[in-house]
Amino acid sequence: MNGMTIQSSKNLMLFSGRAFPQLADDIGKDLGVLPVPTSAYDFANGEIFVRFEESVRGSDAFVVQSITTPVNTWLMESLLMVDALKRASAKRITVVMPFYPYARQDKKHRGREPISARLVADLFKTAGANRLMTVDLHTAQIQGFFDGPVDHLFALPLLADHVEQRYGDRDLVVVSPDAGRVRVAERWTDRLGAGLAIIHKRRDPRVPNEVKVGQVVGQVEDKTCILVDDMIDTGSTISKAASLLFDNGAADVVVTATHGVLSGPAIDRLKNSRVCEVVVTNTLPIDDSRRFDGLTVLSIAPLIARAIREVFEDGSVTSLFDGAA
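Residues numbered from 1 in each chain as written. Predicted model: local features only at pLDDT ≥ 70, side-chain atom pairs only at ≥ 80, totals over all residues. Heavy atoms only, no water.

Caption draft 1: Quick look at the state of the cysteines. Under the defined criterion, the tally for this structure stands at zero disulfides. No disulfide involves Cys225; its sulfur sits 10 Å from that of Cys276, the nearest cysteine. According to the relative accessible area criterion, Cys225 is buried, its value standing at 0%. Looking at Cys276, the relative accessible area reads 31%, which means it is partly exposed. (Disulfide = S-S within 2.5 Å. Buried < 20%, exposed > 50% of the residue type's maximum accessible area, 1.4 Å probe, protein only.)

Caption draft 2: Highlighting empty space enclosed by the protein. Across all of its chains, the model carries two cavities of 30 Å³ or more by this definition. Approximately 40 Å³ is the volume found for the largest cavity. What lines the largest cavity is Pro98, Phe99, Tyr100, Ala103, Thr134, Val135, Asp136, Leu137, His138, Asp230, Met231 and His259. Elements that contribute at least two residues to the lining of the largest cavity include exactly β6 (131-135) and β11 (224-232). Taken together, the residues of the lining of the largest cavity break down into seven nonpolar, three polar and two charged. Quantified by volume, the second largest cavity comes out at close to 40 Å³. Lining the second largest cavity are Tyr100, Leu132, Thr134, Leu137, Ile142, Gln143 and Val150. A class-by-class count of the residues in the lining of the second largest cavity yields five nonpolar, two polar and no charged. (1 Å grid on protein atoms, 1.4 Å probe; cavity = no way out; pocket = protein on both sides within 12 Å on 5 of 7 lines; lining within 4 Å. Points joined across faces, edges and corners; volume = space filled by probe spheres on them. Helix = DSSP H or I, 4+ residues; strand = E, 2+ residues; numbered from the N terminus. Nonpolar A, V, L, I, M, F, W, Y, C, P; charged D, E, K, R; others polar.)

Caption draft 3: Molecular detail of the nonpolar core. Ranked by size, the top nonpolar core spans 43 residues in total, and within it Ile27, Leu153, Trp188, Ile304 and Ile308 carry the most contacts. Among the elements that take part in this core, helix α8 (residues 301-312) stands out by supplying eight residues, more than any other. Filtering out sequence-adjacent residues up to four positions away, Ile304 remains in contact with Ile27, Val96, Pro98, Met133, Val135 and Leu153. Membership of the second largest hydrophobic core comes to 35 residues, among which are Ile67, Tyr100, Phe145 and Phe146. (Core = buried A, V, L, I, M, F, W, Y, C linked by side-chain atoms within 4.5 Å. Contact = heavy atoms within 4.5 Å.)

Caption draft 4: Seen up close, the pattern of salt bridges. For the structure on display, the rule yields 21 salt bridges. A cluster of three or more residues bridged by salt bridges with shared partners is formed by Arg18, Asp42 and Glu77. (Salt bridge = Lys/Arg side-chain N within 4 Å of Asp/Glu carboxyl O.)

Caption draft 5: Spatial organisation of the sheet that holds strand β5 (residues 92-97). If you trace the five strands from one edge of the open sheet to the other, you get β1-β4-β5-β6-β7, paired in parallel fashion. Sheet topology places β1 (12-16) and β7 (150-153) at the edges, where each strand pairs with a single neighbour. Mean inter-strand twist for the sheet, computed between neighbouring axes without regard to direction, equals 15°. In this structure, strand β4 (residues 60-64) lies alongside β5, joined through five bridges in parallel fashion. The residue bridging Val64 from the neighbouring strand is Val96, located in β5. Sheet strands in contact with helix α1 (residues 21-31) are β1 and β4, and its direction is about 160° off that of β1. Along the sheet face, α8 touches β1, β4, β5, β6 and β7 and points at about 155° away from the line of β6. (Pairing = 2+ DSSP bridges. Axes fitted to C-alpha atoms, helices over the stretch in contact; angles between N-to-C directions.)

Caption draft 6: Structural view of the packing of helix α4 (residues 156-167) against helix α5 (residues 182-192). For the pair α4 and α5, the least separation of the axes is 11 Å and the interaxial angle reads 45°. The orientation of α4 with respect to α5, classified from their angle, is oblique. Classified by chirality, the crossing of α5 by α4 is right-handed. For the pair α4 and α5, the contacting residues are Leu156, Pro157, Leu159, Ala160, Asp161, Val163 and Glu164 in the first and Val184, Arg187, Trp188, Arg191 and Leu192 in the second. (Parallel < 35°, antiparallel > 145°, perpendicular 65-115°, else oblique. Left-handed = near helix turned anticlockwise from the far one by under 90°.)

Caption draft 7: Spotlight on the side chain of His152. Tracing the backbone shows His152 in strand β7. By relative accessible area, His152 is classed as buried at 9%. A distance of 2.8 Å separates the side chain of His152 from the backbone nitrogen of Leu137, its partner in a polar contact. (Polar contact = N/O pair within 3.5 Å; in protein donor to acceptor, adjacent residues only side chain to side chain.)

Caption draft 8: Layout of the pairing of β6. In terms of burial, β6 is a largely internal element, five of the five residues being buried. Covered by surrounding structure in β6 are Arg131, Met133 and Val135 together with Leu132 and Thr134, the residues of both alternating faces. Where β5 and β6 come together, four bridges link them in parallel fashion. Considered in β6, the bridge of Val96 is made with Met133. Note that the unit made of β5, helix α3 (residues 116-127) and β6 has a crossover that is right-handed. The pairing of β6 with β7 spans four bridges and is parallel. The partner of Leu132 across the bridge, within β7, is Val150. (Right-handed = clockwise from strand over helix to strand, strands pointing away.)

That is the geometry; function is a separate question.
This is the structure in structure tokens:
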């Protein structure tokens, strides 16, 4: 008899970066596994060192990293973790990034600009990643930047369940803060059985995080407006949109977003606005100093854990979203 035959088994291993270890711990609890002990620290000059304290050979590795501020530090750490797994002979490496960095730079607005979202995908592929998993990309076509499978998860069911429980007895209208969110807003209208309104806005590509709000297209008077977006960064878009809705007779405004970036003046803008509730998920860490009355943070860990289990067991991630993923 030539050759050798063995009966192999799959081994799921979970790895956590330092940006938001609590999320990896929560995912691990849902999966029934503990994150692999990892030694990671910064050298005096800012370089990063990573080493895993257990053998990863032949494993199905899932690297969880919420790439929050400072973005470039945690992005580099994630790349080093993937490289270490590749060189340690992990069988498959899946990078779980609930928040995809540089997603807003997905195309050239003017000449001589980078397409940074594509570069991030190329970096992970070069480092050795076989698969990416992320939640609510800024634009869905970013999936095509990575040369491999991309699991694009949606937080809509989680957010919509909360809205239905809290405001289901009100006269609702779903509001898209700009033309780019209309497709997402339409999914919300299907889920809630509500009407749709759109805010027309203009943005100067030369000035980041600044937006000029135009007018409301749709009926919002005397209605509770569900303002939906993928992220809240400085809060400029959301706060101006909410003010415009109230100026047009809205009875109340509820803000929902997947990613609570909450940079700079965002907290003050949201606290000083007239919105009754801001609902986000914990794809990014939000410490106590940035929390305020009216902010609700929902856990994304169960959804990610279910998706990881489907990938590991060669199941269907699409089935988690009734075939919509």
